[in-house]
Amino acid sequence: MAIRIKDVARAAGVSEATVSLALNRSSLVNQKTGQRIRALAKEMGYAPNPYAKKLALQKSGVVGLVVPDIENVYYAGLVRHINRFMRAAGYGLSIAISENQPRMEADILDEMIRNRVEGVLLAPMNVKSERKDHFERLERAGIPLLFVTARYEGVEANCVMCDLEKGMRELVKHLMERGCTHPVLLTGPEGVQALDERVRGFLRVAGAEALVERLDEVSYSAACRSVEQLLWRGVRFDALLCVNDLMALGAMNILEAHGCKVPDQVSVCGFDDVVFSRITEMPITTACQPLEQLAREAVFQIERAMIGGEMQNILLDTRLVIRKSSR
């Protein structure tokens, strides 16, 4: 049977409150008495219950993580790294998926408030959302919020993310230096920071008149449909840039199905450098986001906030990775 504080108190001939103070090395208990109680507790095999302690302090020991999608390998990798670093820091992780639905994201955050998470890491949706009230409730509850991968405009919170605009600029520059003259960008809805920054990077190098195809979602199937339409419309292009590697894979598959050789006729680039971009039959040229470093920084920042410190905005560099899908 587990030894409890009241067992130590009975053996020491003091109150349970005195035992608790002694075990926490409070100055309210004189040094000699404290040493005696701690030695007795150790001899009896007493071990503190961390869950009871957290309950007494009204702390859950849990951090919330919200991502928009788990089928995308990019977010799956982010979850894996954050989970590892969070647990190494002594916290549990409550993971939720917003499925790119504003109402669901709001409900998730309200649930996390009720469950008294100590902090929230949030990867924004890949759709535009005007909802802000749930972030106000999070702030009123005194729960620190840190954006990861991107941020929502108009929400006062720090962010850990990569320089997405620079990453896209480097991709386009690489293609144009190798003779591409008609690049096309496949992206998602307007008003999403993670996508808009990629668009800005593309247009800065390719030129303001370069073609940007806005899709309803940034998925494999959406990219397939878009490339089908480009071919049906007779659009002239010699390079396709996609805002993630999954879309790049879809684009390559449709091009190959229509007899367009990659990269001889059309170069294809992705973004993120997820695992299948390296192991697919045609390895994909991409911009690598250092997910492990991003996760480590995010955990460090939210942990600092949870103990009363100040968080910072962190902007990490991407890295151009050239593979066989581009000339």
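Residues numbered from 1 in each chain as written. Predicted model: local features only at pLDDT ≥ 70, side-chain atom pairs only at ≥ 80, totals over all residues. Heavy atoms only, no water.

S.K.: Sorry, what's going on with helix α10 (residues 220–233) here?
M.R.: Since one α-helical turn is 3.6 residues long, residues separated by three or four positions face the same way. Between the first and last C-alpha of α10 there are 20 Å, a value that for 14 residues agrees with the 20 Å anticipated at 1.5 Å per step. Turning to α10, its buried residues number three or more, namely Ala-222, Ala-223, Cys-224, Ser-226, Val-227 and Leu-230. Looking at the packing, one finds that the buried side of α10 touches β6 (183–187), β7 (211–214), β8 (239–242) and α11 (245–257). Following α10 by one or two positions, Gly-234 has its phi on the positive side, about 75°. (Helix = DSSP H or I, 4+ residues; strand = E, 2+ residues; numbered from the N terminus. Expected span 1.5 Å × (residues − 1). Buried < 20%, exposed > 50% of the residue type's maximum accessible area, 1.4 Å probe, protein only. Contact = heavy atoms within 4.5 Å.)

S.K.: Can you walk me through the pairing of strand β4 (residues 145–148) in this structure?
M.R.: It is a general feature of regular strands that their side chains alternate between the two faces of the sheet. Side chains Leu-145 and Phe-147 project from β4 onto one buried face, and the interleaved Leu-146 and Val-148 project onto a second face that is buried too. In the sheet, strand β3 (residues 119–122) pairs with β4 via three bridges, with the strands oriented parallel. Each residue of the ladder has a partner; that of Leu-122, found in β4, is Phe-147. Handedness of the β-α-β unit built from β3, helix α7 (residues 133–140) and β4 comes out right-handed. Bridge count between β4 and strand β5 (residues 158–162): three bridges; the pairing is parallel. Residue pairing for β5: Phe-147 is matched across the bridge by Cys-159. (Pairing = 2+ DSSP bridges. Right-handed = clockwise from strand over helix to strand, strands pointing away.)

S.K.: Looking at this structure, I do not really get the sheet that holds β8. What am I missing?
M.R.: Pairing between sheet strands relies on hydrogen bonds along the backbone, with the strands arranged either parallel or antiparallel. Taken together, four strands build an open sheet; the order of strands is β7-β6-β8-β9 and the sheet is parallel. Single-partner strands in this sheet number two, and they are β7 and β9 (267–269). Averaged over all pairs of adjacent strands, the angle between strand axes in this sheet comes to 20°, irrespective of strand direction. For β6 and β8, the ladder comprises four bridges, and the chain directions are parallel. Bridge pairing links Leu-185 to Leu-241 in β8. Along the sheet, helix α9 (residues 193–206) contacts β6, β7 and β8; its crossing angle with β6, the most-contacted strand, is approximately 175°. Together, β6, β7 and β8 form the strand contacts of α10, whose direction differs from that of β6 by roughly 145°. (Axes fitted to C-alpha atoms, helices over the stretch in contact; angles between N-to-C directions.)

S.K.: I'm lost on the environment of Asp-317 in this one. Help?
M.R.: In this structure, Asp-317 sits in the loop between β11 (314–316) and β12 (319–321). In this structure the C-alpha to C-alpha distance between Asp-317 and Gln-289, which are 28 residues apart in sequence, comes to 7.5 Å. Apart from residues no more than four positions distant in its own chain, Asp-317 is found in contact with Lys-166 and Pro-290.

S.K.: I tried to follow the packing of helix α2 (residues 16–23) against helix α3 (residues 31–44) on my own but got confused; where do I start?
M.R.: Helix-helix packing is described using two parameters, namely the angle between the two axes and the distance between the axes. Relative orientation of the contacting elements α2 and α3 amounts to 90°, with a least axis distance of 9 Å. Classed by the angle they form, the pair α2 and α3 counts as roughly perpendicular. Together, Thr-18, Val-19, Ala-22 and Leu-23 of α2 and Gly-34, Ile-37, Arg-38 and Ala-41 of α3 make up the contact between the two elements. Grouping the amino acids of the contact of α2 with α3 by side-chain chemistry returns five nonpolar, two polar and one charged. (Parallel < 35°, antiparallel > 145°, perpendicular 65-115°, else oblique. Nonpolar A, V, L, I, M, F, W, Y, C, P; charged D, E, K, R; others polar.)

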